[in-house]
There are 2 protein chains.
Amino acid sequence: MGKQDGQKTGETAAVTPRAKDYAQWYLDVIKQGLLAEHSPVRGCMVIRPHGYAIWEKMQRELDDRFKATGHENAYFPLFIPLSFLTKEEKHASGFAKECAVITHHRLKSVNGEVVPDPESKLDEPLIVRPTSETIIWAQYKNWIQSYRDLPLLINQWANVVRWEMRTRLFLRTAEFLWQEGHTAHATEKEALEEVWRMLGVYADFAETVMAVPVVKGRKTEGERFAGAIETLSIEGMMQDGKALQMGTSHYLGQNFSKGADVKFQNKDGQLEYVYATSWGVSTRLIGALIMTHSDDAGLILPPKLAPVQVVIIPIYKSDDERGRTTEEARKVAAELKAKGVAVKVDEREGIMPGAKYYEWEGKGVPLRVEIGPKDLEKGSLCIARRFVSEIAGEAPEAQRKRRKTFLPRAEAIDSVLPTLDAMQKELFERAKKLRAARTRVIDTLEDYEKFFKDEGGGFAWVHWAGTSSDEDEMAKRFETGIRNIPFEDQIPPEARGEGRCLLTGKPSKQRVLMSKSY
Amino acid sequence: MGKQDGQKTGETAAVTPRAKDYAQWYLDVIKQGLLAEHSPVRGCMVIRPHGYAIWEKMQRELDDRFKATGHENAYFPLFIPLSFLTKEEKHASGFAKECAVITHHRLKSVNGEVVPDPESKLDEPLIVRPTSETIIWAQYKNWIQSYRDLPLLINQWANVVRWEMRTRLFLRTAEFLWQEGHTAHATEKEALEEVWRMLGVYADFAETVMAVPVVKGRKTEGERFAGAIETLSIEGMMQDGKALQMGTSHYLGQNFSKGADVKFQNKDGQLEYVYATSWGVSTRLIGALIMTHSDDAGLILPPKLAPVQVVIIPIYKSDDERGRTTEEARKVAAELKAKGVAVKVDEREGIMPGAKYYEWEGKGVPLRVEIGPKDLEKGSLCIARRFVSEIAGEAPEAQRKRRKTFLPRAEAIDSVLPTLDAMQKELFERAKKLRAARTRVIDTLEDYEKFFKDEGGGFAWVHWAGTSSDEDEMAKRFETGIRNIPFEDQIPPEARGEGRCLLTGKPSKQRVLMSKSY
């Protein structure tokens, strides 16, 4: 079978080096990894099988964590009546500028041209959900009467649409896939605990599964979710030093329960509005994954999210050799599968081993096992890692050699799980090192300018006590903003304590995280 | 914690008996089982956590089967440009009358009223996908060049929208969830094999997982998917004797590859249009599940699709008893969980055991374990089945007793898996018996009329050689239609062979399946 996930025959995109053109590198990695592509529909992407398989792995990991914290999944309508959206004022103004509006429900042929049938015009337009607070809280009104009905802990996996003018695969698309948790609580305290708990779940997922270190904190007022009282976020650093917001958790107070008139009888028999939270992560995380770990050869996947963790490639010249090496490859695959490893044997004919290596490296598969006639004779296996820790100044050829290990068969098979485990940890450590190398504690505008204009920038720990127009000035001068106001334990020791605002000189209680961002 | 899947406090819908009002019974089962409800958005339903959990179980089972047959998942855009829909003529006319049309991408406040911003009118309207052939084949054009790129075996899990005027929870809603397989092949033969293979997957899933017996066959021309050359279906019989189409698999020939201009170079170096298939099942299957197995006490779930297979209810009067029975319930739960059983302990306080029994029966949980202080003393457990095979004329109280088994603890725990297995088989046998009891081999219009007008109807095996206007006549006179033209092995021995058309008397090669339907 020639096809590989819908890859076009002979499709071998070369990857532009990061140093040359970072934005192009990102697109090339996606193309070579067969992850996604633009569709003919403005701003909408097609997630190709390999990209979707990574999303499925993420979903499984997240869903298990949501269920372990007491949440259940449900499904609410794709459409929101216009009047619902406008029930919460800030929410409406936040989403009105970027939504898909349905106005008709039938087509008609007029003079040979198919157009929306004027007679099918809807009395009230419908909005394709940009997020589901309003439609979900309309339903919660039927479900909540008493404190005994609370907490209500629900999550939805869904597609949402925000009409973005400038799109970028995974990072910003008109339609994207996500999960949105929507919970209802009897007290503010309990709701706030939920908001913090779910941010913790996201941070744990980012660090232990995606191997992406993140900074947890609060968003500034201007960056809050439309309709939220408090928005918490996790922020990761991409390899170009820019921040990427990877997940948010919102405390909505009683804003949405008031909009939908959802009251409950508390233990004292009084009627109160319900306290709400919402939280979400999206296919944007695949963008974070790519930009944190991948290299100039293409995609690198942390083993915990790799749909294929080990690819086995039989090497042969004759039909006889093909038979024997393929048989051994299948045996090794079966043994690895029995250990719980996601393994694939690449038996495609007519493709040179080198081309296969190249293709699987581009897809980010952590380990490759090569099995040739000599390996059969020796009873050994050659295992090649997708990456090894870098040594400054090392020649590519030397590194390539260092990536390969030759071991007796049984030993090689036993080494797979520990190696995958080690690679998962190495990726996380590597990302932390990279972040540390591009992080500064900065106290003067001069140093700030130097960092962002001359040194490539990154994360800056600065004291801040400015207004939102001061924030605008920082954005205009440096293209930077406050990513979040980190929780105290997120601030490195050398950056703790009080000080004076970088811009205004006013007293500041703690530093914030400033950087450029996606 | 008082809440149970968003159930309103004290929400205890009584179920209307089937014999009294079948349509109302269906709605009551859904309500009592907390499966779904109507939303404020016309024709769209909300799938509640218990209903969604059943869908998740179905998804997992189906997805495993799709992957085992070589398919990969991907994701394509929600929106289809109007011009795409019209590329395949029959397809367009089939869906033009029931689609959601997006015409604007922004809202605006005009005199205090929020309306679609006239300046944001789209040059070309977008359709919310009713099915994805056209948008997917536009992408396949980029992916397919040579026979080596084929077959391309892709599936998508998604929401789709068909603007239905008359909706019914799960069976017919404007938005529904489904999977749609879209495959591309180098030859007609291979494509047809895929069409048959996937119908087989659906039939196997229906019978072994859903415990619903189905008839496999071809649809008549008038009932084919818009744009298909051949449509195969599986048809189940509901308890009211009506048929429900549970899944379809289409051979699309080169209709869509021509529309999207997708050619490939075959082994002889010539350019040919690609051969296509598509196949799908939807949340409609939950409707089939309900209407096949449930009874006047509410939902009955086959163990393989029950999100909770065993619920354990501690019974107590004092705090001391509560402590001891709850502890034992948790221990039993842990032991069952270790055996792979989906188990839940209902520890809610302030709710009488009887109310709990009633609630879990309504949710279709196959087995209930009751643990009271006496059971602790005796070292025994009481296991109650959701259903037992019916005995004609048996009093409800007698049946209720027969549903309970008292066994020594270890024996009781060991009995759970075999009991679940037996219940799964019993449901299938029960459904087959019900179907057999309402199936007739009919040779005269007189008998046909008697069957459908006096005897309640069901499946009729009749010879047919009529035209489509003859079909219309059967629909007008009896509200019946040809469900499908069954494969030969689907026809019971007594109905095989040639004969003469029921209506026209013309010669007929084989019988077809006629019935009323949803």
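Computed from a predicted structure; not experimentally measured. Position numbers for residues start from 1 in each chain and track the written sequence from start to end. Each chain is given a letter, starting from A, and each ligand a number, starting from 1, according to the order in which they appear as written. pLDDT decides what is reported in this predicted model: residues at 70 or higher carry local features, side-chain atom pairs at 80 or more are listed and counted, and totals for whole chains, interfaces and linings draw on all residues regardless.

**Structural notes on the interface of chain A and chain B**
Working step 1: Remark: residues whose backbone-derived C-beta atoms lie within 7 Å of one another are considered to be in contact. With 58 residues of chain A in contact, the opposing surface of chain B contributes 58 residues.
Working step 2: Looking at the side of chain A that touches chain B, its residues break down into 33 nonpolar, 14 polar and 11 charged.
Working step 3: Bridge count between strand 5 (residues 101–104) of chain A and strand 5 (residues 101–104) of chain B: three bridges; the pairing is antiparallel. Paired with histidine 104 of chain A across the two strands is valine 101 of chain B, which belongs to strand 5 of chain B. Classification convention: Asp, Glu, Lys, Arg as charged; Ala, Val, Leu, Ile, Met, Phe, Trp, Tyr, Cys, Pro as nonpolar; all other residues, Gly among them, as polar. Being paired, for any two strands, means DSSP has found at least two bridges between them. Only runs of H or I of at least four residues qualify as helices and only runs of E of at least two qualify as strands under DSSP, and these elements are numbered from the N terminus.

**Some details on the sheet that holds strand 19 (residues 367–371) of chain B**
Residue and element names in this part refer to chain B.
Working step 1: Reading across the sheet, the five strands line up as 18-17-19-20-21 and stay open at both edges, with mixed pairing between neighbours. Each edge of the open sheet is held by one strand with a lone partner, namely strand 18 (343–345) and strand 21 (404–408). Strand after strand, the sheet turns through a mean of 25° between neighbouring axes, direction not considered.
Working step 2: Bridge count between strand 20 (residues 380–385) and strand 21: five bridges; the pairing is antiparallel. Note on strand 21: the bridge partner recorded for isoleucine 383 is threonine 405. In this description, a line fitted to the C-alpha atoms serves as the axis of each element, helices being fitted only across the stretch in contact, and the angle between N-to-C directions of two axes falls anywhere from 0 to 180 degrees.

**Digging into the environment of arginine 148 of chain B**
Working step 1: Here arginine 148 of chain B is to be found in the loop between helix 5 (133–143) and strand 9 (152–161).
Working step 2: With 21 C-beta atoms packed within 10 Å, arginine 148 of chain B lands in the buried category. Any residue whose C-beta has 12 or fewer other C-beta atoms within 10 Å is treated as exposed, any with 20 or more as buried, and any in between as partly exposed, C-beta atoms being built from the backbone.

**Focus on the relation of the copies chain A and chain B**
Working step 1: For the least-squares superposition of copies, only C-alpha atoms count, and only for residues with pLDDT at least 70 in both. At an RMSD of 0.0 Å, chain A and chain B line up after a rotation of 180° and a shift of 0.0 Å along the axis. Between the two chains, the operation in question is that of a two-fold axis. Residue isoleucine 102 of chain A, judged by its C-alpha, is the member of chain A lying nearest the rotation axis, at 2.1 Å.
Working step 2: When you check the interface residues of chain A against chain B, 100% turn up at the interface there too, and the contact is symmetric in its surfaces.

**Brief notes about the domain arrangement of chain A**
All names here are of chain A.
Working step 1: Delimitation of the domains relies on an automatic or database domain assignment. Considered domain by domain, chain A is made up of domain 1 (22–293), domain 2 (308–419) and domain 3 (439–515).
Working step 2: Distance from the C-alpha centre of domain 1 to the C-alpha centre of domain 3: 29 Å.
Working step 3: On the side of domain 3, 15 residues touch domain 1, which itself brings 14 residues to the contact.
Working step 4: Looking at the side of domain 1 that touches domain 3 element by element, the count peaks at four residues for strand 11 (residues 214–218).
Working step 5: Grouping the constituent residues of the side of domain 1 that touches domain 3 by class yields three nonpolar, five polar and six charged.

**What about the sheet that holds strand 19 (residues 367–371) of chain A?**
Residues and elements named next belong to chain A.
Working step 1: Spatially, the five strands line up as an open sheet ordered 18-17-19-20-21, and their pairing is mixed. The open sheet has two edge strands, strand 18 (343–345) and strand 21 (404–408), and neither has a second partner. The mean inter-strand angle of the sheet, taken between neighbouring strand axes irrespective of direction, is 25°.
Working step 2: Bridge analysis of strand 19 against strand 20 (residues 380–385) gives four bridges, and the strand direction is antiparallel. Considered in strand 20, the bridge of arginine 368 is made with alanine 384.

**Here we look at unusual backbone geometry**
Working step 1: A cis amide bond, omega -5°, links leucine 150 of chain A with the succeeding residue proline 151 of chain A.
Working step 2: With respect to the helices and strands, the residue proline 151 of chain A is situated in the loop between helix 5 (133–143) and strand 9 (152–161).
Working step 3: With a phi close to 55°, aspartate 261 of chain B is a non-glycine residue in the positive phi region.
Working step 4: Note on placement: aspartate 261 of chain B falls in the loop between helix 7 (255–259) and strand 14 (263–265).
Working step 5: Accessibility expressed as a C-beta count within 10 Å gives 11 for aspartate 261 of chain B, which makes it exposed.

**Quick word on the pairing of strand 8 (residues 121–128) of chain A**
Working step 1: Both strand 4 (residues 79–81) of chain A and strand 8 of chain A contribute to a ladder of three bridges, which runs antiparallel. Looking at the pairing, phenylalanine 79 of chain A lines up with valine 128 of chain A of strand 8 of chain A.

**Overview of the environment of arginine 430 of chain B**
Residues and elements named next belong to chain B.
Working step 1: Mapped onto the elements of the fold, arginine 430 is located in helix 13 (residues 409–437).
Working step 2: Arginine 430 gets classed as partly exposed once you count the C-beta atoms within 10 Å, which come to 17.
Working step 3: The spatial distance from the C-alpha of arginine 430 to the C-alpha of serine 389 is 7.8 Å, given a sequence separation of 41 residues.

**A short note on helix 6 (residues 188–209) of chain A**
Helical geometry: 3.6 residues make up each α-helical turn, so side chains three or four residues apart lie on a common side.
Residue and element names in this part refer to chain A.
Working step 1: What a helix should span is 1.5 Å times the count of its residues minus one. Compared with the 32 Å implied by 1.5 Å per residue over 22 residues, the 31 Å span of helix 6 between its first and last C-alpha is a close match.
Working step 2: Of the positions making up helix 6, those classed as buried are Ala191, Glu194, Val195, Met198, Leu199, Val201, Tyr202, Ala203, Phe205, Ala206 and Val209.
Working step 3: Along its buried surface, helix 6 packs onto helix 2 (49–68), strand 10 (175–185), strand 11, strand 12 (230–237), strand 13 (243–253) and strand 16 (275–282).
Working step 4: The positive-phi residue at the C-terminal boundary of helix 6 is alanine 211, with phi of around 60°.

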